[in-house]
Amino acid sequence: MKTLLIAIGLVAATTLPALAAEPVKMVDTKMGKVMATEKGMTLYTFDKDAQGKSNCDKACLKKWPAFRAADKAKAEGEWSLVKDADGKQMWAYGGKPLYTFSGDKKSGDMNGDGVGNMWHVAK
């Protein structure tokens, strides 16, 4: 019985965190906490996107790469999956697709915030 309880505890300890893992991390910046990729690259939202739909076309995606989801990624809670102009899955939070910016060269850069009054740091 004791072995069974230990086994259940180990499964719960290793499985539950994996299920609850978010595809981004929060980083502290001069603008407060913002969403970033695991490599620390800032994520952005685009005002022209519709709820649950990316309106960033193929030319746009060259400057604003989609925050891609792994092939077997699963939507959960506020996290959803949408298709970009290339037909590939990307992450969305609260229905807003997420992007990185080609002008950000290193972790922590936020050069895309406010571009064209349409791009904003994801918080």
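Residues numbered from 1 in each chain as written. Predicted model: local features only at pLDDT ≥ 70, side-chain atom pairs only at ≥ 80, totals over all residues. Heavy atoms only, no water.

### Points about the overall build of the protein chain
For the protein chain, the helix and strand inventory stands at two helices and seven strands. Going from the N terminus to the C terminus, the protein chain shows its helices and strands as α-β-β-β-α-β-β-β-β. Burial analysis of the protein chain (123 residues in total) assigns 35% to the buried set. Partitioning the contacts of the protein chain with sequence separation of at least 6, the portion at a separation of at least 24 is 59%. Total accessible area computed for the protein chain in this model is approximately 7,600 Å², and 58% of it derives from carbon and sulfur atoms. (Helix = DSSP H or I, 4+ residues; strand = E, 2+ residues; numbered from the N terminus. Buried < 20%, exposed > 50% of the residue type's maximum accessible area, 1.4 Å probe, protein only. Contact = heavy atoms within 4.5 Å. Areas by Shrake-Rupley, 256 points an atom, 1.4 Å probe, with all protein chains shown as cover.)

### Structural notes on the sheet that holds strand β5 (residues 89-93)
Pairing is antiparallel in the open sheet, where three strands are placed in the order β4-β5-β6. Of all the strands in the sheet, just β4 (79-83) and β6 (96-97) have a single pairing partner and so form its edges. Of the pairings in the sheet, the one linking β5 to β6 comprises two bridges and is antiparallel in character. Bridge pairing in β6 places alanine 92 opposite proline 97. (Pairing = 2+ DSSP bridges.)

### Quick word on the environment of aspartate 49
Inspection of the secondary structure puts aspartate 49 in the loop between β3 (44-46) and α2 (58-63). Separated by 47 residues in sequence, aspartate 49 and lysine 96 place their C-alpha atoms 7.1 Å apart. Excluding anything up to four places from it in sequence, aspartate 49 contacts Ser54, Asn55, Cys56, Lys96, Pro97 and Tyr99. At 2.8 Å, the side chain of aspartate 49 and the side chain of tyrosine 99 are in polar contact. (Polar contact = N/O pair within 3.5 Å; in protein donor to acceptor, adjacent residues only side chain to side chain.)

### Quick word on the packing of aromatic side chains
Tallying each qualifying case throughout the model produces eight aromatic pairs. Ring centres 3.8 Å apart and planes at 0 degrees place the aromatic pair tryptophan 64 and tryptophan 119 in the stacked group. Of this pair, tryptophan 64 sits in the loop between α2 and β4 while tryptophan 119 is found in strand β7 (residues 119-121), placing the two residues 55 residues apart along the sequence. Accessibility assignment for this pair places tryptophan 64 and tryptophan 119 in one class, buried. Site record: aromatic cluster; members linked through ring pairs are Tyr44, Phe46, Trp64, Tyr99, Phe101 and Trp119. (Phe/Tyr/Trp six-rings, centres within 6.5 Å; stacked < 30°, edge-to-face > 60°.)

### Section: the nonpolar core
Within the largest apolar cluster, 18 residues are counted, with the highest numbers of intra-cluster contacts made by Tyr44, Cys56, Trp64, Tyr99 and Trp119. Elements that contribute at least two residues to this core include exactly β2 (32-36), β3, α2, β5 and β7. Membership of the second largest hydrophobic core comes to ten residues, among which are Val24, Leu43, Ala69 and Ala122. (Core = buried A, V, L, I, M, F, W, Y, C linked by side-chain atoms within 4.5 Å.)

### Looking at unusual backbone geometry
A positive phi angle, close to 55 degrees, is found at asparagine 117, a residue other than glycine. Positionally, asparagine 117 belongs in the loop between β6 and β7.

### Describing the environment of serine 102
Its place among the elements puts serine 102 in the loop between β6 and β7. What makes serine 102 partly exposed here is its relative accessible area of 32%.

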